[in-house]
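# Reading the structure
The chain contents come next:
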Amino acid sequence: MLTILIKILVIFAMIFVGLFANKRGILPSESNKYLVDLLILITSPAMILHAMATGKLNRELFSDTITVLIGATVFFIVMPLIAYFLSKLLKNTPSADIGVLMVVMTAVNTGFMGFPITKAIFGDYIFFLIVIANIPLNIYLYLIAIFQMNIGRDSNYDLKQTIKSALNPCIVAALIGVVILFSGIHLPNPVIDFLSLIGDATIPLSMIIVGIQLAGSNVMSILKNKDLIKASLINLILVPLITFLAVNWLPISSGAKLTLVFSSCFPCAVASVGVAAKEGHNADLVAEGVALTTTFSLITLPIAATLLSKIYGI
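A few points on the structure. (Residues numbered from 1 in each chain as written. Predicted model: local features only at pLDDT ≥ 70, side-chain atom pairs only at ≥ 80, totals over all residues. Heavy atoms only, no water.)

The subject of this paragraph is the overall build of the protein chain. The number of helices and strands found in the protein chain is 14 helices and 0 strands. Listed by position from the N terminus, the elements making up the protein chain come as α-α-α-α-α-α-α-α-α-α-α-α-α-α. Since a compact globule built from 314 residues should have a radius of gyration of about 20 Å, the 19 Å found for the protein chain is in line with a globular shape. Dimensions along the principal axes, computed over C-alpha positions, put the protein chain at roughly 55 × 50 × 45 Å. Counting only residues that meet the buried cut, the protein chain has 51% of its 314 residues in that class. (Helix = DSSP H or I, 4+ residues; strand = E, 2+ residues; numbered from the N terminus. Rg over C-alpha atoms; globule rule 2.2 N^0.38 Å. Buried < 20%, exposed > 50% of the residue type's maximum accessible area, 1.4 Å probe, protein only.)

Judged by side-chain polarity, Leu 57, Phe 62, Ile 66, Ile 70, Val 74, Ile 77, Val 78 and Phe 182 come together as a nonpolar surface patch covering roughly 670 Å² of accessible area. In terms of residue count, the dominant contributor to the nonpolar patch is helix α3 (residues 59-86) (6 residues). The residue Val 78 is located in helix α3 in this model. The partly exposed category is assigned to Val 78, whose relative accessible area is 37%. (Patch = residues over 30% accessible without salt bridge, like charges linked within 9 Å, V, L, I, M, F, W, Y side chains within 5 Å. Areas by Shrake-Rupley, 256 points an atom, 1.4 Å probe, with all protein chains shown as cover. Salt bridge = Lys/Arg side-chain N within 4 Å of Asp/Glu carboxyl O.)

Bringing the packing of aromatic side chains into the picture now. Per the counting criterion, the structure on display carries 7 aromatic pairs. Centre to centre, the rings of Phe 62 and Phe 182 are 5.8 Å apart; their planes meet at 70°, and the pair counts as edge-to-face. Of this pair, Phe 62 sits in helix α3 while Phe 182 sits in helix α7 (residues 169-183), placing them 120 residues apart in sequence. When the ring of Phe 262 is compared with that of Phe 266, the centres are 5.0 Å apart and the planes differ by 70°; the resulting orientation is edge-to-face. A relative accessible area of 1% means that Phe 262 is categorised as buried. On the accessibility criterion, Phe 266 (0% relative accessible area) is buried. Members of the aromatic cluster, joined through ring pairs, are Phe 75, Phe 76 and Tyr 140. For Lys 33, the ring lying beneath its charged end belongs to Tyr 34, and the centroid distance is 5.3 Å. (Phe/Tyr/Trp six-rings, centres within 6.5 Å; stacked < 30°, edge-to-face > 60°. Lys NZ or Arg CZ within 6 Å of the ring centre and 35° of its normal.)

When you tally the buried positions in helix α12 (residues 254-262), you get 8 out of 9 residues, the bulk of the element. All of the buried residues along α12 are Gly 255, Ala 256, Lys 257, Leu 258, Thr 259, Leu 260, Val 261 and Phe 262. Taken together, the buried residues of α12 touch α3, α5 (114-149), α11 (226-247) and α14 (283-312). (Contact = heavy atoms within 4.5 Å.)

A word on the environment of Val 290. With respect to the element layout, Val 290 can be found in helix α14. Residues Val 290 and Leu 214 lie 76 residues apart in sequence; the distance between their C-alpha atoms is 9.4 Å. Setting aside its immediate chain neighbours within four residues, Val 290 contacts Cys 268, Ala 269, Val 270, Ser 272 and Val 273.

Structure follows, in structure tokens:
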């Protein structure tokens, strides 16, 4: 358990590199766009491809892959419904923004933060399963989340653009990786080494980006929004608790259980800000939700990872 905690603290310490670099003008806020593009378009896909290209397909991996894919799909169908009922707790938010806070409750960041943290803490096997869990997340973000935000509002829906947005580089890399894994294709060793070296940059890069984002957020001002605090605590505490209670009794492997529960513990996904902006909703409120849940997750994620590691022995 101490080993897990130390790993988490080392990873989270990288956030302060981003904070420091931003405050000293080394990495200004404007640089975040380019760093995020580097992460999403290059390093994360490389890390995903490396994990899948070096994975060995067996009965356990096949079973866990199907289990996690189904479980994550169910999560993103059921949790928006639960968020709808929990939205009744939001008394001070304009009706046009209720759907936005529902997304803050539901949109867990299994990709942007989930990939590097999971790989560093639990290794390649659970990381592979987190990649699988991220596929339904992208479908949720560009399909269900849009419906959530539009609750009570009239809005045009572009299915073609939705599909185009959902097929981001990480999902494309995951789909290519699935083909490589299940077809038994063996990539040349130099290609594997290249993917490994590029992919390893994902962990420090993602944490530095989080640090830059937090440096530009006025957390004390955000804390005045009581409904946003409620939505954030639902995201980080209630949603993982509900997921644990729903998953822990199931007759599935410990690895699948840990993946499904841990994937529900992450803060609000950064991509939800872009979705809100594109759809003409309150993107600033979503960004505040991302900042607040990310800040709170500095406390909740280490606790969750330590407890789950002890419970499932991984």
